[in-house]
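# Breakdown of the fold
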Amino acid sequence: MAYLLEHPLSLLTLALLLSLLQPADKLQPLLTAGLARLGRRLNKPGYGPGYLRAAGTGLLLVVLLPLLAAWWALTELAPWPALLDVLLLWACFDAGRISRRLPQCLKQIAEQRNLARLTLAPLCLRQTDALSELGLRKAVAEVAVLRLAADFALACWYLAGGIYAALGFALLRLAVQAWPCKLDDWRTFGALPSVLYRVMAWLPVHALALTLLIYPGSRSAVRAWPRGGLWAFPAAGRALAVAAGGVNAGLGGPRRYTQATEYYPKLGSGSQLHSAQARALLLRLTLALLFWLSLAWTLTLVPLFYG
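Quick caveat, the model's predicted, so the values are computed rather than measured. (Residues numbered from 1 in each chain as written. Predicted model: local features only at pLDDT ≥ 70, side-chain atom pairs only at ≥ 80, totals over all residues. Heavy atoms only, no water.)

## Notes on unusual backbone geometry
Of note, asparagine 248 is a non-glycine position whose phi angle comes to about 55°, a positive value. Looking at the secondary structure, you find asparagine 248 in the loop between helix H11 (234-246) and strand S1 (250-256). (Helix = DSSP H or I, 4+ residues; strand = E, 2+ residues; numbered from the N terminus.)

What follows is the structure in structure tokens.
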């Protein structure tokens, strides 16, 4: 029993439950805003691409190395170091915010569209002020897929590489949100964190995308898979394509991160995403994550009791 209490899977499950019960609503935006403020001190207009890449890389190291050292010191001094793992994962998981905000946003879309835009705005980079009813539903679906896929990748790295691998991935995730390459101002500065994040997330996101193929509608999901390769981050594009194709709906298309409209590849089918399909997509994502959690517990408990 003592072995299970400090097992990484137990700590991961505890952090997930804590996130669902009490999401880190204020902490995550605070961390992202702090990284963005640090980035703005170095990311100045008129600087050359070489300097900006070096500055982004240097700032990432300046934050990461003291963070790793401080974490090591805390684990040496803490009476129960495993509790720190739980707190870190809780602070970085988006599952709690997603489970509360997105279903609430879907309810608001039909009758309180302006309120739905305000609910969605803190969770996505795009401008929500002018989103139509369809645009809001597509944004909800895309946010759910991308945020929960990142949570899944964080969990995978924690189980595979321990707390320091999870800490590195969590910092990259925050840096990608604070220095978004989708915006011209950050494209060069945030290039290295973006590449490293994509490398670390590639395998877990593909695993989650493949899991979405086991639901009804898998034929249309399989047909949608190749289109995901057109996305800037193909792993995320395939997850979006499979999720949309499985419910026979479309994602992607035009969106605004600034005043200019940008056109992203259309994924899934050509059908419009209705409210019932958006809810079905959220349910499928939840079941996919529960599948992997259940599988991990099975692989942990069976050797323990029958090995």
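Once you've had a look at it, read on.
## Let's talk about helix H4 (residues 49-77)
Given a rise of 1.5 Å per residue, 29 residues ought to cover 42 Å, and the 42 Å separating the end C-alpha atoms of H4 matches this to within 8%. Buried within H4 are the following residues: Leu52, Ala55, Gly56, Leu59, Leu60, Leu64, Trp71 and Thr75. Where H4 is buried, its residues touch helix H3 (27-42), helix H5 (81-92), helix H8 (133-178) and helix H9 (191-211). (Expected span 1.5 Å × (residues − 1). Buried < 20%, exposed > 50% of the residue type's maximum accessible area, 1.4 Å probe, protein only. Contact = heavy atoms within 4.5 Å.)

## A look at empty space enclosed by the protein
Going through the model one piece at a time under the given rule, you end up with one cavity of 30 Å³ or more. For the largest cavity, the calculated volume is near 70 Å³. Residue lining of the largest cavity: Gln28, Leu31, Ala91, Cys92, Asp94, Arg97, Arg147, Ala170, Arg173, Leu174 and Gln177, and that is the complete set. Among the elements that line the lining of the largest cavity, the one with the most residues is H8, at five residues. Tallied by class, the residues present in the lining of the largest cavity amount to five nonpolar, two polar and four charged. (1 Å grid on protein atoms, 1.4 Å probe; cavity = no way out; pocket = protein on both sides within 12 Å on 5 of 7 lines; lining within 4 Å. Points joined across faces, edges and corners; volume = space filled by probe spheres on them. Nonpolar A, V, L, I, M, F, W, Y, C, P; charged D, E, K, R; others polar.)

## Section: a positive patch on the surface
Taken together, Arg37, Arg40, Arg41 and Lys44 make up a surface patch of like positive charges. Counting through the fold element by element, arginine 41 comes out in helix H3. (Patch = residues over 30% accessible without salt bridge, like charges linked within 9 Å, V, L, I, M, F, W, Y side chains within 5 Å. Areas by Shrake-Rupley, 256 points an atom, 1.4 Å probe, with all protein chains shown as cover. Salt bridge = Lys/Arg side-chain N within 4 Å of Asp/Glu carboxyl O. Lys, Arg positive; Asp, Glu negative; His and termini not counted. Charge placed at Lys NZ, Arg CZ, Asp CG, Glu CD.)

## Things to note about the nonpolar core
Among the nonpolar cores identified, the biggest contains 94 residues, and Leu102, Leu120, Leu154 and Trp179 are the most heavily contacted of them. Ranked by residue count, the leading element in this core is H8, at 25 residues. Here leucine 120 is in contact with Leu102, Cys105, Thr128, Leu131, Leu136, Ala139, Val140 and Val143, once residues within four sequence places are set aside. (Core = buried A, V, L, I, M, F, W, Y, C linked by side-chain atoms within 4.5 Å.)

## As for the layout of surface pockets
Taken as a whole, the largest pocket holds about 1300 Å³ of empty space. As for the largest pocket, its lining consists of 48 residues, of which Leu125, Val176, Gln177, Pro180 and Lys182 are closest to the centre. Counting residues per element, the ones that place at least two in the lining of the largest pocket are H3, H8, H9 and strand S2 (261-268). Among the elements that take part in the lining of the largest pocket, H8 stands out by supplying eleven residues, more than any other. Broken down by class, the residue content of the lining of the largest pocket amounts to 31 nonpolar, five polar and twelve charged.

## Things to note about the packing of H8 against H9
Between H8 and H9, whose axes approach to 9 Å, the crossing angle comes to 130°. The angle between the axes of H8 and H9 places the two elements in the oblique class. The crossing of H8 and H9 is left-handed. Contacts between H8 and H9 pair Ala149, Ala150, Phe152, Ala153, Cys156, Trp157, Ala165, Phe169, Leu172, Arg173, Ala175 and Val176 from the former with Pro193, Ser194, Leu196, Tyr197, Met200, Ala201, Pro204, Val205, Ala207 and Leu208 from the latter. Here the contact of H8 with H9 is composed, by residue class, of 20 nonpolar, one polar and one charged. (Axes fitted to C-alpha atoms, helices over the stretch in contact; angles between N-to-C directions. Parallel < 35°, antiparallel > 145°, perpendicular 65-115°, else oblique. Left-handed = near helix turned anticlockwise from the far one by under 90°.)

## A short note on the pairing of S2
Judged from the seven bridges that link them, S1 and S2 form a sheet pairing that is antiparallel. Residue pairing in the sheet places leucine 251 in a bridge with leucine 267 of S2. Linking two consecutive strands that pair antiparallel, namely S1 and S2, is a turn of four residues. (Pairing = 2+ DSSP bridges.)

## A word on the pattern of salt bridges
This structure, assessed with the given rule, holds ten salt bridges. Arginine 147 is the partner of aspartate 94 in a salt bridge, and the nearest nitrogen-oxygen pair spans 3.0 Å. Separated by 53 residues along the polypeptide, aspartate 94 in the loop between H5 and helix H6 (95-111) and arginine 147 in helix H8 bring together distant segments of the chain. Across the pair, arginine 147 and aspartate 94 agree in class, each one buried. Of the charged contacts in the structure, one is a salt bridge between glutamate 142 and arginine 255, with a shortest N-O distance of 3.1 Å. In this pair, glutamate 142 sits in helix H8 while arginine 255 sits in strand S1, placing the two residues 113 residues apart along the sequence. One exposure class covers both glutamate 142 and arginine 255, and it is buried. Each of the salt bridges in this network shares a partner with another, and the network as a whole consists of Asp94, Arg97, Arg147, Asp151 and Arg173.

## Thoughts on the packing of aromatic side chains
Any two aromatic rings considered together are summarised by their centre-to-centre distance and by the angle between their planes. Summed over the entire model, instances satisfying the criterion amount to eight aromatic pairs. Judged by centre distance (5.7 Å) and plane angle (50°), the rings of phenylalanine 152 and tryptophan 292 are tilted. Remark: tryptophan 292 occurs in helix H12 (residues 275-306) and phenylalanine 152 occurs in helix H8; sequence separation between them is 140 residues. Taking the relative accessible area as the measure of exposure, phenylalanine 152 reaches 8% and is therefore buried. Judged by relative accessible area, which is 28%, tryptophan 292 ranks as partly exposed. Counting every residue linked through ring pairs, the aromatic cluster contains Phe152, Phe291 and Trp292. (Phe/Tyr/Trp six-rings, centres within 6.5 Å; stacked < 30°, edge-to-face > 60°.)

By themselves, these are just geometric observations and shouldn't be taken as functional.
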